[in-house]
Amino acid sequence: MTTPPTTPDYDWLYTRTRAGRDRGPAPARALLDRLGAPDRGFRSVRVIGTNGKGSTAAMLEAGLITAGVRTGKFTSPHLHAYEERVRVQGREIPPARTAQFIAWAKAHAPDAAFFDLTLALAAQAFAEAGVQVAVMEAGVGGASDATHALHGVAAVALTNVHLDHTAALGPTIRDIARDKAGAARPGVPLLTTATGEALDVIAGVAAQAGAPLFTPGTHPALFHLPHPPTLAGAHQLQNAALALATLRTLGHEQGTEAALAATHPGRLERFTVQGRTVLIDGGHNPHAAQALAATLDHVDVLCFGNLARKDTPATLAPLLPLTATRVFTAPGDLATPPQDLAAQHGGQAVPDPAQALNTALTLTPPGGTLLVTGSLYLAATARQWALARPG
């Protein structure tokens, strides 16, 4: 009798890139069906949008659990451990469960993509755990995302639409909005805090699909916030309003206070390190950077690094006025070269993130504020760095 593996082969899983594989929900649906369609065992709330998905999902999870609903949550990416992506009742699944699934995947789905595999693991784990409602965060897009394969969708929460992932979703706001709104299903509530031309597109797609549309403009009481959420930043007001509206639509208004009290790591998270305030935010696109800059009047030092595939100039632009003291770093092998950023915008280039954080902290005066942002990968490194240097 073969002993089940207990240590996950993460290296194998992380190499299951989508390169050369079809996008869209069909491969994920085939994989779920191969597992016996575990997603039929629970209802799903799909969380879609350019920014704010993780925060909205965290608030929904907290609210549902407090309302007495056995809850699952599927999100991406993770900050420190793969299992952060799959949670039951607020707790990550154990690595041994991941190891078991990877062993199955090697034998039965060796060509499946990483995101599809993780979605399938989540669905199987949720069904096994008796989850009633699963909060399912989309990866990229709506109709073109693997989560569009899910059965039993009870609601769709669409945060906002801005320019990101244009290679996959299209070059304009209208293109991106059309794909995200494609998550609409007949009779399934579609709730959104999107505005402007994106909302116009969403309304048209929802009407065509026969999905009832709920917005702050059409249903203000549904989106009402009794007070601001614990998560900091003006942009979190919109995320909180969407989470509360979704809870109310599902009949779980008793979870609203817990939703407002929810936290989410790497989202304008505050640490005290050697007498300095360190703010860590995983914002990695222009809209996220604009929201961050609107929340902060000034910081003493900026430590910034992001991936080259992102719109670096537009992401960095709203952050530059916050301070003239800047340290640029490389959060990964595919990062925008920090030497280029330092030459263009002034500051120091320190490619190694840990060294960059130390340099930035040294430049921050006692009692001052250091902002670390530009990438969730950098946010993950900064969190570990800050936790190792308390006080």
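To be clear, the structure that these remarks concern was listed above.
Everything numeric here is computed off the predicted structure, so don't read it as measured data.

Criteria and thresholds
Residues numbered from 1 in each chain as written. Predicted model: local features only at pLDDT ≥ 70, side-chain atom pairs only at ≥ 80, totals over all residues. Heavy atoms only, no water. Phe/Tyr/Trp six-rings, centres within 6.5 Å; stacked < 30°, edge-to-face > 60°. Helix = DSSP H or I, 4+ residues; strand = E, 2+ residues; numbered from the N terminus. Buried < 20%, exposed > 50% of the residue type's maximum accessible area, 1.4 Å probe, protein only. Pairing = 2+ DSSP bridges. Contact = heavy atoms within 4.5 Å. Axes fitted to C-alpha atoms, helices over the stretch in contact; angles between N-to-C directions. Core = buried A, V, L, I, M, F, W, Y, C linked by side-chain atoms within 4.5 Å. Polar contact = N/O pair within 3.5 Å; in protein donor to acceptor, adjacent residues only side chain to side chain. Arc of directions from axis to C-beta. Salt bridge = Lys/Arg side-chain N within 4 Å of Asp/Glu carboxyl O. Left-handed = near helix turned anticlockwise from the far one by under 90°. Nonpolar A, V, L, I, M, F, W, Y, C, P; charged D, E, K, R; others polar.

Once that is clear, we can look at the packing of aromatic side chains. To describe a pair of aromatic rings, you give the distance between the ring centres and the angle between the ring planes. Tallied over the full model, the rule gives 9 aromatic pairs. Considering the side-chain rings of Tyr82 and Phe114, the 5.9 Å spacing of their centres and the 75° angle between planes classify their relative orientation as edge-to-face. One end of the pair, Tyr82, is in the loop between strand 2 (71–74) and strand 3 (86–88); the other, Phe114, is in helix 5 (residues 114–128), and 32 residues separate them in sequence. A residue is classified by how much of its surface remains accessible, and Tyr82, at 3% relative accessible area, is buried.

What follows is about the sheet that holds strand 1 (residues 43–48). In a beta sheet, neighbouring strands pair by backbone hydrogen bonds and run either parallel or antiparallel. Read from one edge to the other, the open sheet built from 8 strands follows the order 4-3-2-5-1-6-7-8, with strand pairing classed as mixed. Only two strands of the sheet have a single neighbouring strand rather than two, namely strand 4 (91–92) and strand 8 (213–214). Sheet topology places strand 1 next to strand 6 (residues 153–158); 5 bridges connect them, and they run parallel. Across the sheet, Ile48 pairs through a bridge with Leu158, a residue of strand 6. Contacts from helix 3 (residues 53–66) reach strand 1, strand 2, strand 3 and strand 5 (133–137) within the one sheet, and its direction differs from that of strand 5 by about 175°.

This part is about the nonpolar core. With 54 residues, the main nonpolar core has Leu117, Phe126 and Val161 as its most contacted residues. Every residue in contact with Phe126, bar those within four places of it in the chain, is listed here: Phe42, Gly72, Lys73, Phe74, Val86, Arg87, Val88, Val131, Ala134 and Met136. Among the nonpolar cores identified, the runner-up in size contains 29 residues, and Phe214, Leu247, Leu250 and Ala259 belong to it.

Turning our eyes to something else, we now look at unusual backbone geometry. Here the bond from Ser76 into Pro77 is cis, since omega is -10°, no more than 30 degrees from zero. Positive phi outside glycine occurs at Gln89, with the angle close to 55°. Relative to the helices and strands, Gln89 resides in the loop between strand 3 and strand 4. Overall, the relative accessible area of 31% leaves Gln89 in the partly exposed class. The backbone of Gln274 shows a phi angle near 50°, a positive value even though the residue is not glycine. Among the secondary structure elements, Gln274 is positioned in the loop between strand 9 (269–273) and strand 10 (276–280).

Moving on, we get to the pairing of strand 1. When you tally the buried positions in strand 1, you get 5 out of 6 residues, the bulk of the element. With 5 bridges connecting them, strand 1 and strand 5 associate as parallel partners. Note on strand 5: the bridge partner recorded for Arg46 is Met136.

Right, let's get into the pairing of strand 9. Burial along strand 9 is one-sided: the face carrying Glu269, Phe271 and Val273 is buried and the face carrying Arg270 and Thr272 is not. As paired elements, strand 9 and strand 10 share 5 bridges and run antiparallel to each other. What sits directly across from Phe271, in strand 10, is Val278. What sits between the antiparallel neighbours strand 9 and strand 10 is a turn of 2 residues, in which Gln274 has the positive phi angle 50°.

Let's shift gears to the environment of Thr312. By secondary structure assignment, the location of Thr312 is in helix 12 (residues 312–316). When its relative accessible area of 5% is taken as the criterion, Thr312 is described as buried. Sequence separation between Thr312 and Gly233 is 79 residues, and the spatial gap between their C-alpha atoms is 22 Å. Residues within four places of Thr312 in sequence aside, it is in contact with Phe304, Asn306, Leu307, Thr336 and Leu341. A distance of 2.8 Å separates a polar atom in the side chain of Thr312 from a polar atom in the side chain of Thr336.

Among the residues of helix 13 (residues 338–345), those classed as buried are Pro338, Leu341 and Ala342. Seen along its axis, helix 13 keeps its buried residues to an arc of 100°; they face one direction. For helix 13, exposure combined with an orientation more than 90 degrees from the buried face picks out Ala343 and Gln344. In this fold, the buried residues of helix 13 make contact with strand 11 (301–304), helix 12, strand 12 (326–328) and strand 13 (348–349).

The next thing to look at is the pattern of salt bridges. Considering all chains together, one arrives at 9 salt bridges under this definition. In this structure, Glu61 engages Arg87 in a salt bridge whose closest nitrogen and oxygen atoms are separated by 3.0 Å. Of the two residues, Glu61 is situated in helix 3 and Arg87 in strand 3; the sequence distance between them amounts to 26 residues. A relative accessible area of 5% means that Glu61 is categorised as buried. Between Glu253 and Arg248 there is a salt bridge, and its shortest N-O distance comes to 3.5 Å. Looking at Arg248, the relative accessible area reads 16%, which means it is buried.

Another point: the packing of helix 7 (residues 173–181) against helix 8 (residues 196–209). Where helix 7 contacts helix 8, the axes come no closer than 9 Å and their chain directions differ by 35°. Here helix 7 and helix 8 pass one another in a crossing that is right-handed. Where helix 7 abuts helix 8, its residues Ile173, Arg174, Ala177, Arg178 and Ala181 lie against Glu197, Ala198, Val201, Ile202 and Val205. Of the residues that constitute the contact of helix 7 with helix 8, the class distribution is 7 nonpolar, no polar and 3 charged.

To continue, consider the sheet that holds strand 12. Judged by pairing direction, the sheet is mixed, and its 6 strands sit side by side in the order 9-10-14-11-12-13 without closing on themselves. Lying at the two open borders of the sheet, with one neighbouring strand each, are strand 9 and strand 13. By the bridge criterion, 4 bridges tie strand 10 to strand 14 (residues 369–373) in an arrangement that is parallel. By the bridge assignment for strand 14, Ile280 is matched with Val372. Here helix 13 sits on the sheet and contacts strand 11, strand 12 and strand 13; the angle it forms with strand 12, its principal contact strand, is near 155°.

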